[in-house]
Amino acid sequence: MPTITKIDPQKRRPNRRNVFIDGAFAFGCNVNVVARFRLREGMAIDDALRKQIEEGEVRQEAFDQAIRLISGRMQTERELRIKLRRREYGDKVVEAVVADLKRLGYVDDEKLALTRAADQAAVKKHGKQRAVQELRKAGVAPAIAERAAKEAYQDVDLKAAALELARRKAPSLARLDPQVARRRLVGFLQRRGYDYETVLFAVERSLPDRQR
């Protein structure tokens, strides 16, 4: 049976190894794959094991890609699945990688939802409805999105936040017809997730008398 005769580090990629079978180079793989399959010199390797190693290499590649994505920005399970599938990883590999990342705590939709909802509230000054919409668009389950928004907005004065946005926007509408200015400001605030009562409160206090 074919036997592994040497495993050497790759010179330019220290996290990868060159595997030699019966004295000839056979394949390169990630050091984690070497560890997972306990590859070592003197080990017999048949076609079935070779296939498992190849599948393990693809899974490790997908895992590394997912880590790069998460390092740039927290990802929901849905976002991660979509991005990995765009890179043509199969469903079996994608699901295995997502499961590994969840087990390791790298993917956590509840934690992510709280972080994003807090950002919507404190930084972007969006209304609670918009925060829920954005979370659901990202693939967060409805119940999780609602809980996160409720917690993030529990101490937020939505009327004050809407008024702050309206006062920033109002100067750009100063030259418009009063009805047009009012309609645009109402739409602007509604798109940011504020309810109609809050929108009216902000509009009445931010537009000049002639535009109300």
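Our structure is the block above this text.
Analysis parameters
Counting from 1, residues in each chain are numbered in the order their sequence is written. It should be noted that, the model being predicted, local features are given only for residues of pLDDT at least 70 and side-chain atom pairs only at 80 or more, the latter also being counted only at that level, while totals for whole chains, interfaces and linings use all residues. Hydrogen atoms and water are omitted, and side-chain values are computed over all heavy atoms in the structure. The helix and strand labels rest on DSSP assignments: H or I over at least four residues marks a helix, E over at least two residues marks a strand, and numbering proceeds from the N terminus. Note on exposure labels: buried denotes an accessible area under 20% of the residue type's maximum, exposed denotes more than 50%, and partly exposed covers the range between, all computed with a 1.4 Å probe on protein chains only. Whether two residues are in contact is decided by their heavy atoms: any pair within 4.5 Å suffices. Under the convention used here, a 1.4 Å probe and the Shrake-Rupley method define accessible areas, while residue burial counts only the protein chains that appear. By definition, a salt bridge exists where a carboxyl oxygen of Asp or Glu is found within 4 Å of a side-chain nitrogen of Lys or Arg. By definition, two strands form a pair when at least two bridges between them are found by DSSP. Pairing of aromatic rings covers Phe, Tyr and the six-membered ring of Trp, with a centre-to-centre limit of 6.5 Å; geometry is then stacked below 30 degrees between planes, edge-to-face above 60, and tilted otherwise. For a Lys NZ or an Arg CZ to count as sitting over a ring, it must be within 6 Å of the ring centre and within 35 degrees of the ring normal. Simply put, an axis is a line fit to the C-alpha atoms, just over the touching stretch for a helix, and the angle between two N-to-C directions goes from 0 to 180 degrees. Throughout, a crossing is termed right-handed when the near helix is turned clockwise from the far one, and left-handed when it is turned anticlockwise from it by less than a right angle. Under the scheme applied, nonpolar residues are Ala, Val, Leu, Ile, Met, Phe, Trp, Tyr, Cys and Pro; charged residues are Asp, Glu, Lys and Arg; polar residues are all the others, including Gly. Put simply, buried Ala, Val, Leu, Ile, Met, Phe, Trp, Tyr and Cys residues joined by side-chain atoms within 4.5 Å make one nonpolar core. Helices are assigned an expected span. That span is 1.5 Å times one less than the residue count. We call two N or O atoms a polar contact when they sit within 3.5 Å, provided that within protein one can donate a hydrogen and the other can accept it, with sequence-adjacent residues counted only if both atoms are side-chain atoms.

A. The overall build of the protein, seen in detail. Within the protein, the secondary structure is distributed over 10 helices and three strands. Starting at the N terminus, the α and β elements of the protein follow one another as β-β-β-α-α-α-α-α-α-α-α-α-α. On the principal axes, the C-alpha backbone points of the protein span a range of 90 × 35 × 25 Å. For the protein, the proportion of its 212 residues judged to be buried stands at 42%. In the protein, once contacts between residues fewer than 6 apart in sequence are set aside, the share between residues at least 24 apart is 54%. Carbon and sulfur atoms provide 48% of the accessible area of the protein, an area that totals close to 12800 Å².

B. Region of the structure containing the pattern of salt bridges. Under the defined criterion, the tally for this structure stands at 19 salt bridges. The partner of Arg 116 in a salt bridge is Glu 79, with the nearest N and O atoms 3.0 Å apart. In this pair, Arg 116 is assigned in helix α5 (residues 109-122) and Glu 79 in helix α3 (residues 77-86), connecting sequence segments 37 residues apart. We note that Arg 116, like Glu 79, is buried. Look at the salt bridges and you will find they share partners, linking Glu 77, Arg 81, Arg 85, Asp 91, Glu 95 and Lys 102 into a network.

C. Examining the pairing of strand β1 (residues 4-9) more closely. Bridge count between β1 and strand β2 (residues 16-21): five bridges; the pairing is antiparallel. For Asp 8, the partnering residue across the bridge sits in β2 and is Asn 18. Connecting β1 to the next strand, β2, in antiparallel fashion are six residues.

D. The packing of aromatic side chains, seen in detail. Tallied over the entire structure, the rule returns one aromatic pair. Above the plane of the ring of Phe 201 lies Lys 159, whose end atom (NZ or CZ) is 5.1 Å from the centre.

E. Fine view of the sheet that holds strand β3 (residues 24-30). Spatially, three strands are ordered β1-β2-β3 in an open sheet, and the strand pairing comes out antiparallel. Each having just a single partner strand, β1 and β3 make up the two edges of the open sheet. Taking the axes of each pair of neighbouring strands and ignoring which way they run, one obtains an average angle of 25° across the sheet. Where helix α2 (residues 47-72) meets the sheet, its contacts fall on β2 and β3, and the angle it forms with β3 comes to roughly 35°.

F. Structural context of the packing of α3 against helix α4 (residues 91-104). Two elements in contact, α3 and α4, have axes whose closest approach is 10 Å; the angle formed by their N-to-C orientations is 140°. In this structure, α3 meets α4 at a crossing whose hand is right-handed. Contact residues: Glu 77, Leu 80, Arg 81, Leu 84 and Arg 85 in α3; Asp 91, Val 94, Glu 95, Val 97, Val 98, Leu 101 and Lys 102 in α4. Grouping the constituent residues of the contact of α3 with α4 by class yields six nonpolar, no polar and six charged.

G. Looking closely at unusual backbone geometry. Residue Asp 22 is not a glycine yet carries a positive backbone phi of 50°. With respect to the helices and strands, the residue Asp 22 is situated in the loop between β2 and β3. Accessibility expressed as a relative area gives 52% for Asp 22, which makes it exposed.

H. Summary view of the nonpolar core. Core analysis: the largest hydrophobic core is formed by 17 residues, its most contacted members being Leu 185, Leu 189, Tyr 194, Val 199, Ala 202 and Val 203. When residues of this core are traced back to their parent elements, those giving at least two are α8 (158-169), α9 (178-191) and α10 (196-206). If sequence neighbours within four positions are ignored, Leu 185 has contacts with Ala 166, Lys 169, Leu 173, Val 203, Ser 206 and Leu 207.

I. α8, seen in detail. An ideal rise of 1.5 Å per residue puts 16 Å on 12 residues; α8 measures up with 17 Å between its terminal C-alpha atoms. Turning to α8, its buried residues are Ala 161, Ala 162, Leu 163, Leu 165 and Ala 166. Buried-residue contacts for α8 involve α9 and α10. Where α8 begins, the capping side chain belongs to Asp 157, and its oxygen is found 3.2 Å from the backbone nitrogen of Lys 159.

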